[in-house]
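# Structural overview for review
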Amino acid sequence: MSSSDVSSDREGPLECTECLDPADAFALVGNETRLAILEALWAADERPVSFSDLRREVGMRDSAQFNYHLQKLTGHFVARVEDGYTFKHAGEKVVRSVIAGSFNERPTVDPFPVEGACFACDGSLRVVYEDERLTVECLDCGQEHGEYAFPPGGLNDRTREEVADAFDQRVRHLHCLAADGVCPECSGRMRTGVVEDGSCCLGVGVRVDHECAQCGHTLCSAAGLRLLDHSAVVGFHRERGVSIDERPYWTLPWCVSDEYTRILERDPYRLEVRIPLAGDELRATLDDDLDVVDVRVESAPR
């Protein structure tokens, strides 16, 4: 990052000094030739790509006209380097969004069953895909076990089982980033808080909300979902012959229900999440930021 991109002092936060207005940014890439330039850069075997090679891939004969469009992209979406042109992060993001189908695909997928049983009624679970969001829900009582964005491109060239597995991995990744304070959408600062309100997000009475201070992106879940990648939780399962990575999160009741979550203190919050397995129980204490501050295992009598 160059000094012309941001300014800062020792006391205050970084501030952007050469930022595009969002409307101007969309206007720059809202052109067939410019999108073709970005796609040609993406398809190149090696980068940077020379001016002549890039123009040939785009298929534009008029060199001056091609240069006009290329220069509109240069600086914010494309970088000019010694041997030609390459991506800036924003340019890669545009192409990835096109590939993901977020701009131009509206697929229809029939609901299909997934493994596991409903924590509320022990009914069968299924996947429903609508408006680029995938939901795991109970076929019998309608209880949701998670609803998150899933770009259309994630459906391509995958079986139903592979889509379910990809969704599971995506949810784990999203919450891992959010709990660590990084927005999975824009990398802005993610704020985390405990909420006692069963009006949304699985209908749980005690939940965790993550909200980006920069773009407003939100995620919510039962508190236990924060523990999926914690070393003590992973080890607790491994010692009892279970690989937690192979268990979809929605099959773990402590990840989707607040039945296993107890409020120990308020102002600030301190929570306890119980994880039963093979007759034993791991109890994890989380602070207001969802950091694990204590872990203990209570073993059943042998």
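Per an unreviewed UniProt entry, the chain goes by Helix-turn-helix domain-containing protein and derives from Natrinema salifodinae.

## Side note on the overall build of the chain
Scanning the chain for helices and strands turns up eight helices and 15 strands. A separation of at least 24 residues holds for 43% of the contacts in the chain among residues at least 6 apart in sequence.

## Examining helix α7 (residues 231-238)
Where α7 is concerned, the buried positions are V233, G235, F236 and H237. Along its buried surface, α7 packs onto α8 (253-256), β13 (270-277), β14 (280-286) and β15 (292-298).

## Overview of the nonpolar core
By size, the foremost hydrophobic cluster in this structure holds 55 residues, and its most contacted members are F167, Y249 and W254. Broken down by element, the residue count for this core peaks at seven residues, all from helix α6 (residues 160-179). Looking at which domains feed residues into this core, each of domain 2 (109-219) and domain 3 (225-299) gives three or more. With near-sequence residues (within four places) excluded, Y249 lies in contact with H145, G146, Y148, F167, D168, V171, R172, L225, L228, C255 and V256. Of all hydrophobic cores here, the second largest spans 17 residues; its members include V29, A40, L73 and F77.

## Points about the sheet that holds strand β5 (residues 109-117)
An order of β5-β6-β7-β8 is seen for the four strands of this open sheet, with the pairing classed as antiparallel. Two strands bound the open sheet, and with one partner strand each, they are β5 and β8 (144-149). Mean inter-strand twist for the sheet, computed between neighbouring axes without regard to direction, equals 20°. Judged from the six bridges that link them, strand β6 (residues 124-130) and strand β7 (residues 133-138) form a sheet pairing that is antiparallel. When the sheet's bridge partners are listed, V127 is paired in β7 with V136. On top of the sheet, α6 reaches β5, β7 and β8; it is set at about 80° to β8, its chief contact.

## Focus on the confidence of the model for the chain
In low-pLDDT segments, the atomic positions of the prediction should not be examined closely. Mean pLDDT over the chain: 86, with 86% of residues reaching 70 or higher. In this model residues 1-9 is a low-confidence stretch, pLDDT under 50, and it forms 17 contacts with partners more than four residues away in sequence or in other chains.

## Some points on the environment of A44
Position of A44 among the secondary structure elements: in the loop between α2 (32-43) and α3 (51-58). For A44, a relative accessible area of 23% gives the class partly exposed. Measuring from C-alpha to C-alpha, the distance between A44 and L54 comes to 8.8 Å, with ten residues separating the pair along the chain.

## Digging into the sheet that holds strand β12 (residues 261-265)
Pairing is antiparallel in the open sheet, where four strands are placed in the order β12-β13-β14-β15. Each edge of the open sheet carries a strand with a single partner, namely β12 and β15. For this sheet the average axis-to-axis angle between neighbouring strands, irrespective of direction, equals 20°. Pairing between β13 and β14: seven bridges, direction antiparallel. Among the inter-strand pairings, L271 is bridged to a residue of β14, identified as L286.

## So, α2
An ideal rise of 1.5 Å per residue puts 16 Å on twelve residues; α2 measures up with 16 Å between its terminal C-alpha atoms. Looking only at α2, the buried set comprises T33, R34, I37, L38, A40 and L41. Each buried residue of α2 sits inside an arc of 160° when the element is viewed along its axis, so together they form one side. Those residues of α2 that are exposed and aimed more than 90 degrees away from the buried face are E32 and A43. Its side-chain oxygen at 2.9 Å from the backbone nitrogen of T33, N31 defines the N-terminal cap of α2.

## A few points about a negative patch on the surface
Where like charges cluster on the molecular surface, the negative patch consists of D157, E161, E162 and D165. When you line up the elements, D157 lands in the loop between β8 and α6.

## Digging into the packing of aromatic side chains
For the structure on display, the rule yields seven aromatic pairs. For the pair Y148 and F167, a centre-to-centre distance of 6.2 Å together with 45° between the ring planes defines the contact as tilted. In this pair, Y148 sits in strand β8 while F167 sits in helix α6, placing the two residues 19 residues apart along the sequence. Residues Y148 and F167 agree in their burial class; the two are buried.

## Remarks on unusual backbone geometry
A cis amide bond links R47 to the next residue, P48, at an omega of 5°. Positionally, P48 belongs in the loop between α2 and α3. The omega angle of the peptide bond from D267 to P268 is 0°, so this bond is cis rather than trans. Phi is positive for L290, close to 70°, though the residue is something other than glycine.

Quick notes on the rules
Residues numbered from 1 in each chain as written. Predicted model: local features only at pLDDT ≥ 70, side-chain atom pairs only at ≥ 80, totals over all residues. Heavy atoms only, no water. Helix = DSSP H or I, 4+ residues; strand = E, 2+ residues; numbered from the N terminus. Contact = heavy atoms within 4.5 Å. Buried < 20%, exposed > 50% of the residue type's maximum accessible area, 1.4 Å probe, protein only. Core = buried A, V, L, I, M, F, W, Y, C linked by side-chain atoms within 4.5 Å. Domains from an automatic or database assignment. Pairing = 2+ DSSP bridges. Axes fitted to C-alpha atoms, helices over the stretch in contact; angles between N-to-C directions. pLDDT = per-residue confidence, 0-100. Expected span 1.5 Å × (residues − 1). Arc of directions from axis to C-beta. Polar contact = N/O pair within 3.5 Å; in protein donor to acceptor, adjacent residues only side chain to side chain. Patch = residues over 30% accessible without salt bridge, like charges linked within 9 Å, V, L, I, M, F, W, Y side chains within 5 Å. Areas by Shrake-Rupley, 256 points an atom, 1.4 Å probe, with all protein chains shown as cover. Salt bridge = Lys/Arg side-chain N within 4 Å of Asp/Glu carboxyl O. Lys, Arg positive; Asp, Glu negative; His and termini not counted. Charge placed at Lys NZ, Arg CZ, Asp CG, Glu CD. Phe/Tyr/Trp six-rings, centres within 6.5 Å; stacked < 30°, edge-to-face > 60°.

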